[in-house]
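# Examining the three-dimensional arrangement
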Amino acid sequence: SSPVYCASGAVIKAYWSNSDDDWGFSSSFSAATSFCTDQPDGTLCGETDAICSSGLCFRGKCASSKLGSDEYCTSSNDCAEGVCGYASMSPASSTVCCASGATTRAYWTSQDDDWDYGWLYSGSRYFCTDQPDGTLCGETDTICSSNACVGGICTMSKLSSNEVCKSSNDCVGGACGYVSMNPASSTVCCASGALIKAYW
């Protein structure tokens, strides 16, 4: 569309990239562009709330409301709380508006198969925080409301000394290792809180 006199008497500058093609705004270059403010519902707005009279830009158009907690979202701008993330560490989980209003970032690779979650590609992903016990969390404590991710799920607390563990992240002391050189021995949370690596 061509520039026009803004009825609101005000503009806002929004940076638009030539790679930002989700909304069909074509440009051969990247630049800050001026847009009229106080626009009615239905006006194309990308992800710039300040263009709209409602102050709400939802899925590319000015709207009267955004999504509530736990509703499916495609970007943080979809959400009233302003935060969209995976509900759990499972790739089968949906991205939802986070009830906590916060996310934590975790890097996961397709080779991280200790938990067999089934991620098909590597990369950083954002997960909703303050999740209840039983939520898949890999080894990311900050996903859990308890701040304790044990055995790949959120739990009430971490494991104490000499309890059987799968990884050091399971343990209060941060160290999970074999009790002895006997391969039949279990891996437990080390009472010493320390490990030594030996090649065998």
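My aim in this report is to walk through the structure given alongside it, one point at a time.

### Let's talk about unusual backbone geometry
Backbone geometry places D38, a non-glycine residue, at a positive phi of 60 degrees. Here D38 is to be found in the loop between β2 (31-36) and β3 (44-46). The phi dihedral of D70 is positive, around 70 degrees, even though this residue is not glycine. Topologically, D70 is positioned in the loop between β5 (60-62) and β6 (84-86). Overall, the relative accessible area of 56% leaves D70 in the exposed class.

### Concerning the state of the cysteines
Under the defined criterion, the tally for this structure stands at 9 disulfides. Note on cysteine connectivity: C79 is disulfide-linked to C97, with sulfurs 2.1 Å apart. Taking the torsion about the sulfur-sulfur bond, which here is approximately -85 degrees, the covalent link between C79 and C97 counts as left-handed. Within this pair, whereas C79 is found in the loop between β5 and β6, its partner C97 is found in strand β7 (residues 95-97), the two being separated by 18 residues in sequence. Pair check on accessibility: C79 and C97 agree, each one buried. At a sulfur-sulfur separation of 2.0 Å, the disulfide partner of C165 is C176. Between C165 and C176, the S-S torsion sits near 100 degrees, and that sign places the bridge as right-handed. Here C165, found in the loop between β11 (153-154) and β12 (176-178), pairs with C176, found in strand β12; they are 11 residues apart in sequence, far enough to count as distant. Residue classification places C176 among the buried residues on the basis of a relative accessible area of 12%.

Conventions and cut-offs
Residues numbered from 1 in each chain as written. Predicted model: local features only at pLDDT ≥ 70, side-chain atom pairs only at ≥ 80, totals over all residues. Heavy atoms only, no water. Helix = DSSP H or I, 4+ residues; strand = E, 2+ residues; numbered from the N terminus. Buried < 20%, exposed > 50% of the residue type's maximum accessible area, 1.4 Å probe, protein only. Disulfide = S-S within 2.5 Å.

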